[in-house]
Amino acid sequence: MAGELEAIPGPVEAAAGDPVHRLVAAWLLGYQSPATRRNYALDMTAWLGFCDDRGIDPLAARRVHADAWARTMQAGGAAARTVARRLAAASSWYRSLAAEGIRPASPLEHVRRPKIADRGETPGLTRGELRRLLAAAEQYGSKRSVALLNLLAHTGLRIGEALSRDVEHLAYDRGHRILRLERKGGRGDKSVLTAPVSRAVDDYLDGRTAGPLFTTAPGKRMGQPEAWKMIRRLAARAALDGAAEIRPHSLRVAFITGAREAGVPLEDVQDAAGHADPRTTRRYDRGRHSLDRHASYAVTSWLAAPAEN
């Protein structure tokens, strides 16, 4: 167990024997996803740093300390979503301590969380903008750019999901070309690769049958920072408004919005996006309030249709 704990990145600079460090590391072991562990470690860094600056023992913290942390983050300009996520992470850690009998209850149990807007903050892309971005990849990018952008645009994958895949995860299922996935929490899934994606991926791989699906020039797995730079560079080439703010997740937003505009039922879009909660999918749908999709039009057409009996 000791070796496993040391393998988990600690939330603060601390000696290996520091009890708080080890308790956080033990809690992080419960999460299978490396990305989740990394993000929660950063959230705990913020909380433990706040405690350290004010001489608070995290194992003896009270609600007043958690309230002060929330107000300090808000006063410092942290986004509501960031504040809510950090509070949730710290709350989860304290619940684990309570479950182990280390302390009686969480000091964040009744802390008020900021309200989160039902619309995501990631900038999306219209159909025309997405077409221009894909065209820019064809004209100015590499075969890797074309393959990655087509994969994201046509499947709505998270960038981490796409970059974590190996060539061996490409497969067929009942005549469909698919990519085997690992979703958040380690859940297995698969995504269909339509003809444009399959062509782009096969052209990029050029017969390669093993290793990371997307690689750097030396053959190492492509990282997210490089993907972000690629997409923003191509967004600038495509002369998109706000090109400097476009990110890989923008293609995910475009996929979900486009699927809903195309009439795909919410539950099917939710499954394709790998969301556990349909409310999350709805936050990505930038056209959800469009009057063109108002239910009144569908009901009027239904009423006007010839009677069945």
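Residues numbered from 1 in each chain as written. Predicted model: local features only at pLDDT ≥ 70, side-chain atom pairs only at ≥ 80, totals over all residues. Heavy atoms only, no water.

Participant: Please clarify how the side chain of R144 should be interpreted in this entry.
Facilitator: Tracing the sequence through the fold places R144 in helix 7 (residues 143-155). Polar contacts involving the side chain of R144 include one to the main-chain carbonyl oxygen of T215, which spans 2.8 Å. Discounting chain neighbours no more than four positions away, the residues touching R144 are Y204, F214, T215, T216, M222, E226 and M230. (Helix = DSSP H or I, 4+ residues; strand = E, 2+ residues; numbered from the N terminus. Polar contact = N/O pair within 3.5 Å; in protein donor to acceptor, adjacent residues only side chain to side chain. Contact = heavy atoms within 4.5 Å.)

Participant: When you look at the pattern of salt bridges in this model, what are you seeing that I'm missing?
Facilitator: Here the idea is simple: oppositely charged side chains can pair when their charged atoms come close. For the structure on display, the rule yields 12 salt bridges. Its salt-bridge partner being K143, residue D203 comes within 3.5 Å of it at the nearest N-O pair. Of the two residues, D203 sits in helix 9 (residues 195-205) while K143 sits in helix 7, which places them 60 residues apart along the sequence. A residue is classified by how much of its surface remains accessible, and K143, at 47% relative accessible area, is partly exposed. Taking the shortest distance from any N to any O, the salt bridge between D189 and R183 comes out at 3.1 Å. Of the residues examined, D189 reaches a relative accessible area of 23% and is grouped as partly exposed. Here the residues in one salt-bridge network are R158, E161, R183, R187 and D189, joined through shared partners. (Salt bridge = Lys/Arg side-chain N within 4 Å of Asp/Glu carboxyl O. Buried < 20%, exposed > 50% of the residue type's maximum accessible area, 1.4 Å probe, protein only.)

Participant: How should the packing of helix 2 (residues 19-28) against helix 3 (residues 34-53) be read in this particular structure?
Facilitator: To describe two helices that pack against each other, one gives the angle between their axes and the distance between the axes. Taken N-terminus to C-terminus, the directions of helix 2 and helix 3 make an angle of 150°; their axes are 10 Å apart at the nearest point. Of the possible angle classes, the one that applies to helix 2 and helix 3 is roughly antiparallel. Crossing hand, helix 2 versus helix 3: right-handed. Together, V20, V24, W27 and L28 of helix 2 and R37, Y40, A41, M44 and L48 of helix 3 make up the contact between the two elements. Residues of the contact of helix 2 with helix 3, tallied by class, amount to 8 nonpolar, no polar and 1 charged. (Axes fitted to C-alpha atoms, helices over the stretch in contact; angles between N-to-C directions. Parallel < 35°, antiparallel > 145°, perpendicular 65-115°, else oblique. Left-handed = near helix turned anticlockwise from the far one by under 90°. Nonpolar A, V, L, I, M, F, W, Y, C, P; charged D, E, K, R; others polar.)

Participant: Is there a simple way to think about the nonpolar core in this case?
Facilitator: As a rule of thumb, nonpolar side chains are buried together in soluble globular proteins. Among the nonpolar cores identified, the biggest contains 41 residues, and L148, L149, F214 and L251 are the most heavily contacted of them. Looking at this core, the element that brings in the most residues is helix 7, giving 7 residues. Leaving out residues up to four positions away in the same chain, L149 has contacts with L133, L134, A137, M230, I231, L234 and L251. Counting residues in each nonpolar core, the second largest holds 25 residues, with L48, F50, Y94 and V111 among its members. (Core = buried A, V, L, I, M, F, W, Y, C linked by side-chain atoms within 4.5 Å.)

Participant: What should I look at first to understand the pairing of strand 2 (residues 176-182) in this one?
Facilitator: If a strand is regular, its side chains alternate between the two faces of the sheet. As defined by bridge partners, strand 1 (residues 170-173) adjoins strand 2 across 4 bridges and the pair is classed as antiparallel. Looking across to strand 2, one finds that A171 is bridged to I178. The turn joining strand 1 and strand 2, which pair antiparallel and follow one another in sequence, is formed by 2 residues; a positive phi near 55° is taken by R174. The pairing of strand 2 with strand 3 (residues 188-192) spans 5 bridges and is antiparallel. Across the sheet, residue E182 finds its bridge partner in strand 3, namely G188. (Pairing = 2+ DSSP bridges.)

Participant: For this particular structure, what's the right way to read the sheet that holds strand 3?
Facilitator: Across a sheet, strands are paired by hydrogen bonds formed along the backbone, either parallel or antiparallel in direction. Taken together, 3 strands build an open sheet; the order of strands is 1-2-3 and the sheet is antiparallel. Every interior strand has two partners, whereas the edge strands, strand 1 and strand 3, have only one. When strand polarity is set aside, the average angle formed by the axes of neighbouring strands in this sheet is 45°.

Participant: Would you explain the packing of helix 3 against helix 5 (residues 80-99) in this entry?
Facilitator: It is the contact of helix 3 with helix 5, at a shortest axis distance of 9 Å, that shows an interaxial angle of 90°. In this view, helix 3 runs roughly perpendicular relative to helix 5, as classed from their interaxial angle. Contacts between helix 3 and helix 5 involve Y40, D43, M44, A46 and W47 from the former and R85, R86, A89, A90, W93 and Y94 from the latter. Of the residues assigned to the contact of helix 3 with helix 5, the class counts are 8 nonpolar, no polar and 3 charged.

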